[in-house]
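Now for the letters of each chain:
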Amino acid sequence: MLPAIRTDGLTKRYGRVLALDGLALEVERGEVFGFLGPNGAGKTTTIRLLLDLIRPTAGRASILGHDCQRESLAARAQVGYLPGDLRLYDGLTARQHVALAARLRGARPDWRWVGELAERLGLDLDRKAGALSRGNKQKVGILLALFARPPVLILDEPTSGLDPLVQHAVHELLVEEARRGTAVFFSSHVMSEVERVCSRVAVLHRGRLMRIDTVEGLRARAIRRVRVRFDGAVPPRAAFDLPGVTVRHFDAAGAEFEVRGDFDPLVKALAQGHVADLVAELPPLEDVVVQMYEEGSA
C-alpha cells in the first residue's frame, strides 16, 4: 500500500538560506504523525511544499501516490488542511465557509457530521467569522479541515489558541480519524499533545531531519534518572562503572544514577545488593527534544 505522504530528498532554498535539506520520510495511513521543531526549523516550509504552495529546489513529495508538483490538484484533493496563518471571510458564518469549501471540492457536505463536529468543538455555526475570537476562528479552521473526512489531514499547529477542554476534544477527533484510516500529519510546539496522540514523531532542526521514532523510542534514547534506597547489603561502588551509567551520588543508604541507553546493566549491578526502593524517572518529551537540539548544535 502506498504511504499517505512520502518525501524523497525534499530541499528548499531561499537564496543562500537552506530552509529544508534533503527531507526523507513516510507517513502511513491510520497514524498520527507529529512534526516537531523550533521556529525556523522548516516545518511550515515542508507543509507548503506538500501542498504545492511553493516549489522545491530539489527532491520530490507525494500524497497517496500523487506527485505534489506534477499532480498538484489530485494530491490536494486528498487533503484536509489547517494553515498556521488561518484567514477567514469576516462576512461569512462557519456554515457558509463549509458550504463554500464543499463547492470548491465538488461535493455535498454531510451536515449531520458538520453539526457533530461543531458540537464537540463548542462552535456556533451561524456566527460571522468577523465576530469570532481567535480561538473560535481556529475551531472554524479545524472544522474546514475535517468536514469532508479526507484521507489525509495536514495541520499546522492545530490547537493554537484553544482552551484545554477544546484541545482535548481536538485530540480525540484526530485519534478517531486515524482509527478510520486517515493519515494525520501535524506540526506542533505543544509537547504534551504530541505525547498524547502521536504514534510517531519526526524531529526537525535547522532544516534537517534529526530523527524519526516513536515517542517511547525517543524517550528511551534520553538520559533517565534513577534513585535507589538500599537496605542492608550494598553493591560495591565499582559495580557501577558501566557504559552509559553516571553515578551522581553513592553511599550505604542509597544512590542516584543517570542512565543513557540500555537499562539492564544497571539492574544487574543493583542485584548484587539489597534494594529497598527504586524510582526511575522518564523525562518528558520536551526535555528529550531540547537535549537533541543541544547535541545537534554542539
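Here the structure is shown first, and the text comes after it.
Per chain, residues are indexed from 1 in the order of the written sequence. Since the coordinates come from a predicted model, pLDDT governs what is reported: local features require at least 70, and pairs of side-chain atoms require 80 or more to be given and counted, while whole-chain, interface and lining totals use all residues. The basis for every side-chain value is the complete set of non-hydrogen atoms in the structure, without hydrogens or water.

S.K.: Give a detailed account of the sheet that holds strand 9 (residues 200-205), specifying residues and quantitative values.
M.R.: Strand pairs in the sheet, formed through backbone hydrogen bonds, run parallel or antiparallel to each other. For two strands to be treated as a pair, DSSP must find at least two bridges joining them. Under the DSSP-based scheme used, a helix requires at least four consecutive residues in state H or I and a strand at least two consecutive residues in state E, with every element numbered from the N terminus. If you walk across this open sheet you meet the six strands as 6-7-8-3-9-10, and the pairing is mixed. At either end of the open sheet lies a strand with only one pairing partner, and these are strand 6 (79-82) and strand 10 (208-213). For this sheet, the mean angle separating the axes of adjacent strands, direction not counted, is 15°. Together, strand 6 and strand 7 (152-156) form the strand contacts of helix 5 (residues 134-146), whose direction differs from that of strand 6 by roughly 170°. Only the stretch in contact is used when fitting a helix axis, every axis being a line fitted to C-alpha atoms; angles between N-to-C directions are given from 0 to 180 degrees. Here, two residues are considered to be in contact whenever any of their heavy atoms come within 4.5 Å of each other.

S.K.: Go over the nonpolar core with me, naming the residues and quoting the values.
M.R.: Membership of the largest hydrophobic core comes to 47 residues, with the highest contact counts inside it found for Leu143, Leu155, Val184, Phe186 and Val201. At six residues, helix 5 tops the list of elements feeding residues into this core. Aside from chain neighbours lying at most four places away, what touches Phe186 is Val32, Phe33, Gly34, Phe35, Leu155, Pro158, Glu193, Val194, Val197 and Cys198. Definition of nonpolar core: a set of buried residues of the types Ala, Val, Leu, Ile, Met, Phe, Trp, Tyr and Cys, connected through side-chain atoms within 4.5 Å. Whether a residue is buried, partly exposed or exposed follows from its accessible area with a 1.4 Å probe, protein chains only, as a fraction of its type maximum: under 20%, in between, or over 50%, in that order. One finds Leu23, Ile63, Cys68 and Ala75 within the second-largest nonpolar core, a separate group that totals 27 residues.

S.K.: Lay out the sheet that holds strand 12 (residues 245-250) in plain terms, naming residues and giving numbers.
M.R.: Pairing is antiparallel in the open sheet, where four strands are placed in the order 12-13-11-14. Looking at which strands have only one partner, the edges of the open sheet turn out to be strand 12 and strand 14 (275-281). Recorded for the sheet is a direction-independent mean angle of 20° between the axes of neighbouring strands. One ladder, built from seven bridges, connects strand 11 (residues 223-230) with strand 13 (residues 254-260); its direction is antiparallel. From the neighbouring strand, Arg224 faces strand 13, where its bridge partner is Val259.

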